[in-house]
Amino acid sequence: MVDLTLKLDAEGVNQLLQRAFPEAAPDQMPRVRVAEPGRVRMVRAYGPGMLRPGGVISGPTLMSLADTAAYALVLAHRGEELMAVTSSLVINFLRGAAPGDIHADADLLRLGRRSAVCDVRIWTEGPERLAAQATVTYALPQS
């Protein structure tokens with residue numbers, strides 16, 4: 001059985017992300033709100049620069065949040081392992097994401113020695129109205 005003990009809490013992950021990406025504007029950096037064994041919840045504050053023509057949040061914005069949520073999930077469980085890298089991201093856009101703060105729930109499907117596989121669900125209107133779902137795999141550095 002995989003040990004899903006957290007090595008970093010929500011604030012620890014947020015601080016690590018700020019140190020790892022110092023050039024990121026604070027208002028554009030998603031924040032971990034909840035970190036639990038096997039799960040994190042992130043929120044990225046809404047900004048008008050996220051919109052695409054048609055008035056919905058752009059696909060690249062949603063993909064970026066999916067990737068960041070998976071990375072935060074890996075960091076929460078592995079600690080300061082900054083060299084974990086995305087090896088796969090498959091996203092399904094389910095409906096247009098209405099303007100508003102973007103929420104992401106990321107759950108660990110598998111945490112192994114070489115990779116972590118995460119399921120990420122994204123919404124703006126509520127978790128019952130998903131805008132997108134992604135499966136993200138991270139390659140983990142060998143210890």
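Everything here concerns the structure above.
Residues numbered from 1 in each chain as written. Predicted model: local features only at pLDDT ≥ 70, side-chain atom pairs only at ≥ 80, totals over all residues. Heavy atoms only, no water.

A. Fine view of the pattern of salt bridges. Applying the stated criterion across every chain, the model contains nine salt bridges. The residue Arg-31 makes a salt bridge to Glu-11 at a minimum N-O spacing of 3.2 Å. With Arg-31 in strand 1 (residues 31-36) and Glu-11 in helix 1 (residues 10-20), this pair connects stretches of sequence that are 20 residues apart. The class for Glu-11 is partly exposed, based on a relative accessible area of 37%. (Salt bridge = Lys/Arg side-chain N within 4 Å of Asp/Glu carboxyl O. Helix = DSSP H or I, 4+ residues; strand = E, 2+ residues; numbered from the N terminus. Buried < 20%, exposed > 50% of the residue type's maximum accessible area, 1.4 Å probe, protein only.)

B. Examining the side chain of Ser-115 more closely. If you trace the backbone, Ser-115 turns up in strand 7 (residues 115-123). Polar contacts involving the side chain of Ser-115 include one to the side chain of Arg-110, which spans 3.2 Å. Once residues lying within four places of it in the same chain are set aside, the contact partners of Ser-115 are Arg-110, Thr-137, Tyr-138 and Leu-140. (Polar contact = N/O pair within 3.5 Å; in protein donor to acceptor, adjacent residues only side chain to side chain. Contact = heavy atoms within 4.5 Å.)

C. A look at the nonpolar core. Counting residues in hydrophobic clusters, the biggest one holds 41 residues, and the most contacted among them are Leu-17, Val-32, Val-120 and Ile-122. For this core, the secondary structure elements donating two or more residues are helix 1, strand 1, strand 2 (39-44), helix 2 (59-78), strand 6 (102-111), strand 7 and strand 8 (132-139). The element best represented in this core is helix 2, accounting for 11 residues. Once you skip the residues sitting within four places of it in the chain, Val-120 turns out to touch Ala-66, Ala-69, Ala-70, Ala-104, Asp-105, Ala-106, Ala-132, Gln-133, Ala-134 and Val-136. (Core = buried A, V, L, I, M, F, W, Y, C linked by side-chain atoms within 4.5 Å.)

D. Inspection of the pairing of strand 2 at higher detail. Of all six residues in strand 2, five are buried; the element is thus mostly enclosed. What sits between strand 1 and strand 2 in their antiparallel hairpin is a turn of two residues, with Gly-38 showing a positive phi close to 80°. Taken together, the six bridges between strand 2 and strand 6 define a ladder with antiparallel strand orientation. Note that in strand 6 the partner of Arg-41 across the bridge is Asp-105. (Pairing = 2+ DSSP bridges.)

E. Quick look at the packing of helix 1 against helix 2. Running from N to C, helix 1 and helix 2 point in directions that differ by 115°, and their axes come no closer than 10 Å. Read as a crossing pair, helix 1 and helix 2 show a hand that is right-handed. Listed contacts from helix 2 to Val-13, Leu-16 and Leu-17 of helix 1 are Tyr-71, Ala-72, Leu-75 and Ala-76. For the contact of helix 1 with helix 2, the residue count by class is seven nonpolar, no polar and no charged. (Axes fitted to C-alpha atoms, helices over the stretch in contact; angles between N-to-C directions. Left-handed = near helix turned anticlockwise from the far one by under 90°. Nonpolar A, V, L, I, M, F, W, Y, C, P; charged D, E, K, R; others polar.)

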